[in-house]
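Architecture at a glance
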Amino acid sequence: GKGVEPDRRLGILPEEPRYSQGSQAESIVHRLLCWDPTIEKNDDNADGEEKNVKQPYAGDIVYGLSGEPRGSILLEALLRCCPDSFHDELCTIGGFYDETTLREYIQ
């Protein structure tokens, strides 16, 4: 809750800082992931391939980052500090919601 003091010994961690939309941090994240912010998110289509076409490079970059020790640390940091809406898009483009792709990440 909001009134609870953070205490690492009890597993109560302080709230992670997040960047806001339109900030310089968001611009850096977009550049790191080759993310084109002008492309609209397509919620109407349930076909995963269509979404990958919408962000043609981001899926490959996420996949590449997840396979490298330093890249996975960077990816974790991005997922922790991004806004919820971008977090969902990133997980979708990266294939984290797809069982087959998730198994590839694990192996």
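What counts, and where the lines are drawn
- Per chain, residues are indexed from 1 in the order of the written sequence.
- Per-residue local features of the predicted model are confined to residues with pLDDT of at least 70, and side-chain atom pairs are confined, for both listing and counting, to 80 or more; whole-chain, interface and lining totals are unaffected and use all residues.
- For the side-chain quantities, the full set of heavy atoms in the structure was used; hydrogens and water were omitted.
- Whenever Lys or Arg places a side-chain nitrogen within 4 Å of a carboxyl oxygen from Asp or Glu, that contact is recorded as a salt bridge.
- Strands are runs of DSSP state E lasting at least two residues, helices are runs of H or I lasting at least four, and both sets are numbered from the N terminus onward.
- Relative accessibility under 20% of the residue-type maximum defines a buried residue, over 50% an exposed one, and the middle range a partly exposed one, all with a 1.4 Å probe and only protein chains included.
- Within 3.5 Å is the distance limit for a polar contact, defined as a pair of N or O atoms, with the added protein rule that one can donate a hydrogen and the other accept it, and that residues adjacent in sequence qualify only through two side-chain atoms.
- Here a residue-residue contact requires only that any non-hydrogen atoms of the pair lie within 4.5 Å.
- Patch building starts from residues that exceed 30% relative accessible area and form no salt bridge, then joins like charges within 9 Å and nonpolar side chains (Val, Leu, Ile, Met, Phe, Trp, Tyr) within 5 Å.
- Surface exposure here means Shrake-Rupley accessible area, sampled with a 1.4 Å probe, where a residue is shielded only by the protein chains that are shown.
- Disulfide assignment relies on a single distance test, namely cysteine sulfur atoms paired within 2.5 Å.

1. What to know about the pattern of salt bridges
As a working rule, side chains carrying opposite charge can pair if their charged atoms are close by. On inspection of all chains with the given rule, the structure shows five salt bridges. In this structure, the salt-bridge partner of R80 is E76, at a minimum N-O distance of 3.6 Å. Taken together, the residues span about one helical turn, with R80 and E76 both in helix α4 (residues 69–81) at a distance of four residues. Judged by its relative accessible area of 44%, R80 is partly exposed. Taking relative accessible area as the criterion, E76 reaches 40% and is therefore assigned partly exposed. Where R103 meets E99, a salt bridge forms, and the shortest distance between an N and an O atom there is 2.9 Å. Of the two residues, R103 and E99 are both situated in helix α6 (residues 99–106); the distance of four residues between them amounts to about one turn of the helix. Across this residue pair, the class does not change: R103 and E99 are exposed. In the salt-bridge network here, residues are joined through shared partners; they are E16, E76 and R80.

2. Things to note about the environment of E99
On the accessibility criterion, E99 (51% relative accessible area) is exposed. Here R103 takes part through its side chain, which lies 2.9 Å from a polar atom of the side chain of E99.

3. Thoughts on unusual backbone geometry
With phi around 50°, C34 is a residue other than glycine that occupies positive phi space. Residue position: C34 is located in the loop between α1 (24–32) and α2 (48–54). The exposure class assigned to C34 is partly exposed, which follows from its relative accessible area of 39%.

4. A short note on the side chain of T101
The topology assignment puts T101 in helix α6. At 2.7 Å, the side chain of T101 forms a polar contact with the side chain of D98. Excluding anything up to four places from it in sequence, T101 contacts G94 and G95.

5. Details of a nonpolar patch on the surface
A surface patch of nonpolar side chains, amounting to about 250 Å² of accessible area, comprises I28, L32 and L74. Turning to its location among the elements, L74 is positioned in helix α4. By relative accessible area, which is 32% here, L74 ends up partly exposed.

6. With respect to the state of the cysteines
Under the counting rule described, the total for this entry stands at zero disulfides. The thiol sulfur of C81 is not disulfide-bonded, and the nearest other cysteine sulfur, from C82, lies at 6.4 Å.

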